[in-house]
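Close look at the chain arrangement
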Amino acid sequence: MFKLLSFFALFCLAVFQIFPQSAILLLEGNYQGKNLFVQNQFGSGGVGFCVSEVLINGNVSTDEIQSSAFEIDLKGQKLNLGDKVEIKIKHKADCKPRVLNPEVLKPKSTYELVTINLSSDGTFSWSTKNESGKLAYIVEQFRWNKWLKVGEIEGAGTPTEHSYTFKVSLHSGKNQVRVRQTDYTNIPHVSKSAEVNSSLCELEFSPVKVSTSISFSCAASKDPGSTLYEIYDQYGNLVKKGFGDKIDAGNLSKGGYYLNYDNKFGEFIKK
């Protein structure tokens, strides 16, 4: 029995060496109009090339793969810009091919702005064309001398014209809103801004010496008013942010703080 098991183990090892197990290199993304280039090596045994088969969205590629380098032709697959692509590169387990330009499947920010508008009720709308992959549009509002992210909407990712809307919380005075996309290059693609002058009342806050809470009110009428706000400590650390007509300050430590609200800056002391 021992001799039989030993013979079987040696037989399996020999079969594995002659017919090594296979593996799959998987790539997923969106078609950007470019082909992939693959560096192909010999198997560790020196017999035959590493790659045995390439599948594009489940279909076997007819590209010539028995060479040290080959091209995966996506242009011949009748794909539209932005279409999803799944590529499976089957190869021997004892070697691994190298895709030289995998970034061509990653979405790129190519949108062109068609229209952009900000209405007096805070409705922000924009339309684009020539998107070539799904990327998020980051909605930014200019407040407190900086562009502040206030929302996010997923882009459609196809070249035809698309329209988007987002509701923005306006502040008193001049408001500016824009959109930004960032792709794998980490270079922001920023739109021009839309502007509107709001008739909202200018806000103030009280008290300056705080025990438990801070309240916002219209400077002219003293009626309560709601706003986005940020609180920073004396070291520049953001300790609280939100939206409303009051801030619960009971859990803040004693000391001085900086307050961003409406379109203004202020300071207060927590007693």
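The coordinates are above.
Everything in this summary refers to the structure shown in the same document. The shown structure was predicted, so the numbers you read here are calculated from the model rather than taken from an experiment. (Residues numbered from 1 in each chain as written. Predicted model: local features only at pLDDT ≥ 70, side-chain atom pairs only at ≥ 80, totals over all residues. Heavy atoms only, no water.)

1. Topic: the state of the cysteines
Disulfide: a covalent bond connecting the sulfur atoms of a pair of cysteines. Within this structure, the stated rule accounts for two disulfides. The disulfide that involves Cys50 links it to Cys95, with 2.1 Å between the sulfurs. Between Cys50 and Cys95 the disulfide shows an S-S torsion of about 105 degrees. By sign, it is right-handed. Residue Cys50 is located in the loop between β2 (36-39) and β3 (51-56), and its partner Cys95 is located in the loop between β6 (84-92) and β7 (98-99); the two are separated by 45 residues in the primary sequence. Like Cys50, the residue Cys95 is buried in the burial classification. Two residues, Cys201 and Cys218, share a disulfide whose sulfurs are 1.9 Å apart. Torsion about the S-S bond of the Cys201 and Cys218 cystine: about -55 degrees, corresponding to left-handed handedness. Here Cys218 lies in strand β18 (residues 213-218) and Cys201 lies in the loop between β15 (194-198) and β16 (203-206), a separation of 17 residues in the sequence. Judged by its relative accessible area of 32%, Cys201 is partly exposed. For Cys218, a relative accessible area of 10% puts it in the buried group. In the chain, the cysteines engaged in disulfides, taken in order along the sequence, are linked 1-2, 3-4. (Disulfide = S-S within 2.5 Å. Helix = DSSP H or I, 4+ residues; strand = E, 2+ residues; numbered from the N terminus. Buried < 20%, exposed > 50% of the residue type's maximum accessible area, 1.4 Å probe, protein only.)

2. Points about the packing of aromatic side chains
By the definition in use, this model includes 11 aromatic pairs. Relative to Tyr164, the ring of Trp126 has its centre 5.3 Å away and its plane inclined at 25 degrees; by these criteria the two rings are stacked. Placement of the pair is Trp126 in strand β9 (residues 123-129) and Tyr164 in strand β12 (residues 162-167), with a sequence separation of 38 residues. Exposure class is identical for Trp126 and Tyr164. Each is buried. The aromatic ring of Trp147 is capped on one face by Arg178, whose charged end is 4.1 Å from the ring centroid. (Phe/Tyr/Trp six-rings, centres within 6.5 Å; stacked < 30°, edge-to-face > 60°. Lys NZ or Arg CZ within 6 Å of the ring centre and 35° of its normal.)

3. Some thoughts on the pattern of salt bridges
Within the structure shown, the criterion is met by eight salt bridges. Residues Lys90 and Glu53 are paired through a salt bridge, measuring 3.3 Å at the closest nitrogen-oxygen approach. Here Lys90, found in strand β6, pairs with Glu53, found in strand β3; they are 37 residues apart in sequence, far enough to count as distant. The exposure class of Lys90 is partly exposed, given its relative accessible area of 29%. Two residues, Lys222 and Glu204, come together in a salt bridge whose shortest N-O distance is 2.6 Å. Of this pair, Lys222 sits in the loop between β18 and β19 (227-233) while Glu204 sits in strand β16, placing them 18 residues apart in sequence. Taken together, the salt bridges that share partners define one network made up of Glu140, Arg178 and Arg180. (Salt bridge = Lys/Arg side-chain N within 4 Å of Asp/Glu carboxyl O.)

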